[in-house]
Amino acid sequence: MDSHTVLFGVIGDPIRHSKSPIMLNRAFRERGINGAYAAFHVAPGQLEHAIAGVRGLGFRGLNVTIPHKIEVMSYLDEISEGAKAAGAVNTIVNDNGRLIGYNTDGIGYVRSLKEEAEPNLAGKTIVLLGAGGAARGILWALAQENPASILVANRTESKAAELSASFSPDLRISSIPWSELRDACRAADVVINTTSVGMSPNIDALPIDPSWLKPGSVASDLIYNPLKTAFLQQAELIGCRVHGGLGMFIYQGAYAFEFWTGKSAPVDAMRAVVLESFV
Ligand code: ATR
């Protein structure tokens, strides 16, 4: 660091568990960028001041995490189409004083799914479990890949219906009742768990009966703690290709890096440093 160092950070509450600083600082070093990335604990009432600080101190970029991803939108100058569709911003680019909000969670998830499990989503049938913020965050990005259909199922069925109805019909996102899930999974090419079921510490819980899955299809889980959920372990046993949630975290950071620097992200180095931090 010196007097030319360009500043970046992540804000959230809580924030001390975040792996983003080690991942992004490693990426800057790998690409020879004089940047520094820190974690800032920002309580809900301080969000507006924090964003004013980004402007005042001339930070080049900021990541935004829970609980600020929705409220932060009201303090920015421009919101990307994907962030509008996701209803949330997780990455801010400071473009000469103009703050632009993006959502790299959805596109990060899709890039990870394509790199690690299924390169071609066009024409595929996708079943998505859950209808919370995580589901909303990835639906628009998934729909950009032109799948044949995306069927959303949720324990509270009205939430699945509301969520799917909030997207334009040409995105081919619809909801199905939980009772139709078994048949839908049998026919699906990709089944994605966006619910919190199976997250540590409840690591034995399953969002659906894995025997509903079609051998050879892709089972994907947004959860990355544990790295391989019970859902993925069981899916693997019946012959599915499995895709865990760590890649989504790596690639949301990779897109943020690319938006800020204009350089390609050193994805392998970023993944390695995050994996090292788990042990
Ligand atoms: P997130 O922002 O992580 O998506 P959320 O908005 O609280 O968190 O959503 C959690 C999702 O997990 C919801 O779809 C929730 O279903 P409900 O809408 O019916 O609550 C789902 N979920 C949580 N616990 C569940 C369980 N035991 N069985 C099935 N779905 C569950």
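Residues numbered from 1 in each chain as written. Predicted model: local features only at pLDDT ≥ 70, side-chain atom pairs only at ≥ 80, totals over all residues.

Naming follows an unreviewed UniProt entry, where the protein chain appears as Shikimate dehydrogenase (NADP(+)) of Cohnella luojiensis. Per UniProt, the protein chain carries the Subunit (unreviewed entry) text "Homodimer." (UniProt positions renumbered as here; feature names shortened; annotations may be inferred.)

1. Description of the UniProt feature "domain: Quinate/shikimate 5-dehydrogenase/glutamyl-tRNA reductase" (unreviewed entry) in the protein chain
Taken from the UniProt record, the annotation "domain: Quinate/shikimate 5-dehydrogenase/glutamyl-tRNA reductase" (unreviewed entry) applies to residues 116–196. Between the end C-alpha atoms of residues 116–196 there is a gap of 22 Å, over a span that is 35% helix and 21% strand. (Helix = DSSP H or I, 4+ residues; strand = E, 2+ residues; numbered from the N terminus.)

2. Comments concerning the nonpolar core
Formed by 78 residues in total, the largest nonpolar core has its most connected members in V127, L128, I150 and V152. The greatest single-element share of this core, amounting to 10 residues, is contributed by helix α9 (residues 246–261). Built from parts of two domains, this core gets at least three residues from each of domain 1 (6–102 + 249–278) and domain 2 (106–244). In contact with I150, other than residues within four places in its own chain, are I126, L128, L139, L142, A143, R172 and I173. (Core = buried A, V, L, I, M, F, W, Y, C linked by C-beta atoms within 7 Å. Buried ≥ 20, exposed ≤ 12 C-beta atoms within 10 Å, placed from the backbone. Domains from an automatic or database assignment. Contact = placed C-beta atoms within 7 Å.)

3. With respect to the site of the ligand
What surrounds the ligand is a group of 14 residues, the closest being G132, G133, R155, T156 and T195. Considering only residue class, the shell around the ligand consists of four nonpolar, eight polar and two charged. (Near = placed C-beta within 6 Å. Nonpolar A, V, L, I, M, F, W, Y, C, P; charged D, E, K, R; others polar.)

4. Description of the UniProt feature "active site" (unreviewed entry) in the protein chain
The positions UniProt marks with the feature "active site" (unreviewed entry) are K69. Within the element layout of this structure, K69 appears in the loop between β3 (61–64) and β4 (78–79). Those residues in contact with K69, other than ones at most four positions away along the chain, are V64, A88, V89 and N90.

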